[in-house]
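# Per-entry structural report
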Amino acid sequence: MYWILGFLVAIIGALAVGLRIRPKPFPPFPQAQPALTTVPLRSDLPPPVDRCFKTVFGERVPLITSAVITGRGKLTFMGITFEGRWRFTHIAGHGYRHYMEAMLFGQPLMRVNEQYLDGIGHMEIPVGTFHDTPYINSAANLGLWAETLYLPSLFLTDPRVRWAGVDDVTAHLYVPYAGGEQCFTVVFDPQTSLIKHMEALRHRDAVKGGEILWRCEVYDWQTSNGACVPSPSGAHWMDQKSAWLRPEVDEVVYNVDVQQYIRQQGL
């Protein structure tokens, strides 16, 4: 009897160690970033938005058409926190593809493939596959624009996006969706002027729907390939104690050709 108990304790201990092993990063994206064209910073922004983007860009803003963001971090699934690695591919302001791996002993245990293309969301996750429901599509569009924090100049250069001031550290961000708009509340850090978090009501259940306050939290900012990006950050359903996804950036590459890559699966 005691040897069974000892065996179980050893297995649990080994799994605990395996969950903490940080994986190797994905290989760099094979295309090199071209030189970026810039345009003047807009002059019609609410004060907290203006301060933020002057801090990030100065007086000129890059024009971004695509981005490939690669990194590692922690993700929590069914109460278990895994080390993971991920790649997010964006056609700026129009669609994305997510590929994520949850790791055990540094090896992939679960894989996630998600796409939001042509206004249609598609999810392949360990609990099932979901496609083109109103709840998926709405949630995916909010995810698209929350991840635009990795290519933040789009918040200024996309003519479909608009800002409205609330107070000295808060603004509303309106983004396009299905012929209308969705709205984020964006809060800026009074010390750094950078974005602290952005939040919106978002559907979590792909079948039943039901909006829950969802927050994209920025814990710090780093420079990657000349860009100031949030890392580490967190995706947090506010009815839960902590963020379920806490990504850290290894690489960002802008304005590469992703037209075919974004419609693939896997790495």
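The coordinates are above.
Residues numbered from 1 in each chain as written. Predicted model: local features only at pLDDT ≥ 70, side-chain atom pairs only at ≥ 80, totals over all residues. Heavy atoms only, no water.

### Some words on the overall build of the protein
This is how it is decided: Numbering of helices and strands starts at the N terminus; helices are DSSP runs of H or I of at least 4 residues and strands are runs of E of at least 2. Whether two residues are in contact is decided by their heavy atoms: any pair within 4.5 Å suffices. Computed with the Shrake-Rupley method and a 1.4 Å probe, the accessible areas treat only the protein chains shown as cover for residues. Counted charges follow a simple rule, with Lys and Arg positive, Asp and Glu negative, and His plus the chain ends left uncounted. All charge positions are set by atom: Lys at NZ, Arg at CZ, Asp at CG, Glu at CD.
A tally of regular secondary structure across the protein gives 4 helices and 17 strands. The dimensions of the protein, computed from C-alpha atoms along their principal axes, are 75 × 40 × 40 Å. Relative to all contacts within the protein whose residues are 6 or more apart in sequence, the contacts with residues 24 or more apart total 53%. Summed over all atoms, the accessible surface of the protein reaches about 13000 Å², with 58% contributed by carbon and sulfur. Side chains of the protein carry 23 positive and 25 negative charges; the gap between the two charge centres is 6 Å.

### Overview of the environment of Glu-114
The condition is simple: When a residue's accessible area, from a 1.4 Å probe over protein chains only, is under 20% of the maximum for its type it is buried; when over 50% it is exposed; and in between it is partly exposed.
Its location among the elements puts Glu-114 in strand 6 (residues 107-117). According to the relative accessible area criterion, Glu-114 is buried, its value standing at 15%. Separated by 18 residues in the primary sequence, Glu-114 and Tyr-96 place their C-alpha atoms 8.2 Å from one another. Dropping the residues within four chain positions of it, Glu-114 is found in contact with Tyr-96, Arg-97, His-98, His-122, Met-123 and Ile-125.

### Some remarks on empty space enclosed by the protein
For the record, the criterion: Method remark: on a 1 Å grid restricted to protein atoms, a set of points is classed as a cavity if a 1.4 Å probe fits but cannot get out and as a pocket if it is open with protein on both sides within 12 Å along at least five of seven lines; lining residues have an atom within 4 Å of a point. Grid points are joined across faces, edges and corners, and a volume is the space filled by probe spheres set on the points.
Tallying each qualifying case throughout the model produces 1 cavity of 30 Å³ or more. Approximately 40 Å³ is the volume attributed to the largest cavity. Mapped onto the lining of the largest cavity, the elements with two or more residues apiece are strand 5 (95-104) and strand 6. With 3 residues, strand 6 is the single largest residue contributor to the lining of the largest cavity.

### Some words on the layout of surface pockets
For the second largest pocket, the calculated volume is near 160 Å³. Around the second largest pocket sit 14 residues that line it, and Phe-57, Pro-62, Gly-226, Ala-227 and Cys-228 are the ones nearest its centre. Of all elements in the fold, only helix 2 (47-57) and strand 15 (227-230) reach the threshold of two or more residues within the lining of the second largest pocket.

### Observations regarding the pairing of strand 15
As a reminder of what qualifies: In this analysis, strands are considered paired if DSSP registers two or more bridges between them.
When strand 14 (residues 221-224) meets strand 15, the two strands line up antiparallel, connected through 4 bridges. Each residue of the ladder has a partner; that of Ser-224, found in strand 15, is Ala-227.

### Some remarks on the pattern of salt bridges
To keep it simple, the criterion reads: A pairing counts as a salt bridge when a side-chain nitrogen of Lys or Arg comes within 4 Å of a carboxyl oxygen of Asp or Glu.
The full count for this structure, using the stated rule, is 13 salt bridges. The shortest N-O distance in the salt bridge between Arg-42 and Asp-44 comes to 2.9 Å. Under the relative-accessibility criterion, Asp-44 is labelled exposed at 53%. Between Asp-168 and Arg-51 there is a salt bridge whose closest N-O contact spans 3.2 Å. Taken as a pair, Asp-168 in the loop between strand 9 (162-167) and strand 10 (170-177) and Arg-51 in helix 2 lie far apart in primary sequence, 117 residues in all. The class for Arg-51 is partly exposed, based on a relative accessible area of 33%.

### Observations regarding the packing of aromatic side chains
When we look at a pair of aromatic rings, we describe it by the centre distance and by the angle of the planes. Defined as follows: In summary, the pairing rule links any two rings of Phe, Tyr or Trp, Trp by its six-membered ring, whose centres are within 6.5 Å, and it sorts them by plane angle into stacked for under 30 degrees, edge-to-face for over 60 and tilted for everything else. In this analysis the charged atom, NZ for Lys or CZ for Arg, is taken to sit over a ring once it is within 6 Å of the ring centre and within 35 degrees of the ring normal.
One pass over the structure, following the stated rule, counts 10 aromatic pairs. With a centroid separation of 6.3 Å and 45° between ring planes, the pair formed by Trp-163 and Phe-188 is classed as tilted. Remark: Phe-188 occurs in strand 11 (residues 180-188) and Trp-163 occurs in strand 9; sequence separation between them is 25 residues. A centroid spacing of 6.4 Å and a plane angle of 50° characterise the contact between Trp-214 and Trp-237, whose relative ring orientation is tilted. Placement of Trp-214 in strand 13 (residues 211-218) and of Trp-237 in strand 16 (residues 233-237) is noted, with a sequence separation of 23 residues between them. With respect to class, Trp-214 is no different from Trp-237; both count as buried. The ring of Tyr-174 carries Arg-162 above its face, with NZ or CZ at 4.0 Å from the centroid.

### Concerning the nonpolar core
Quick reminder of the rule: In these notes, a set of buried Ala, Val, Leu, Ile, Met, Phe, Trp, Tyr and Cys residues joined through side-chain atoms within 4.5 Å is what counts as a nonpolar core.
Ile-69, Leu-151, Trp-163, Leu-173 and Phe-184 are the most contacted members of the largest nonpolar core, which has 57 residues in total. It is helix 3 (residues 134-146) that contributes the most residues to this core, 5 residues altogether. Excluding residues that lie within four positions of it along the chain, Ile-69 makes contacts with Trp-86, Arg-87, Phe-88, His-90, Tyr-150, Leu-151, Val-249, Glu-251 and Val-252.

### Observations concerning unusual backbone geometry
For the bond from Ser-231 to Pro-232, the omega torsion is -5°, close enough to zero to count as cis. Its location among the elements puts Pro-232 in the loop between strand 15 and strand 16. Notably, Phe-105 is not glycine yet its phi reads approximately 55°, a positive angle. Here Phe-105 shows up in the loop between strand 5 and strand 6. Unlike most non-glycine residues, Asp-132 shows phi in positive territory, near 55°. Looking at where Asp-132 falls in the secondary structure, it is placed in the loop between strand 8 (128-131) and helix 3. Taking the relative accessible area as the measure of exposure, Asp-132 reaches 38% and is therefore partly exposed.

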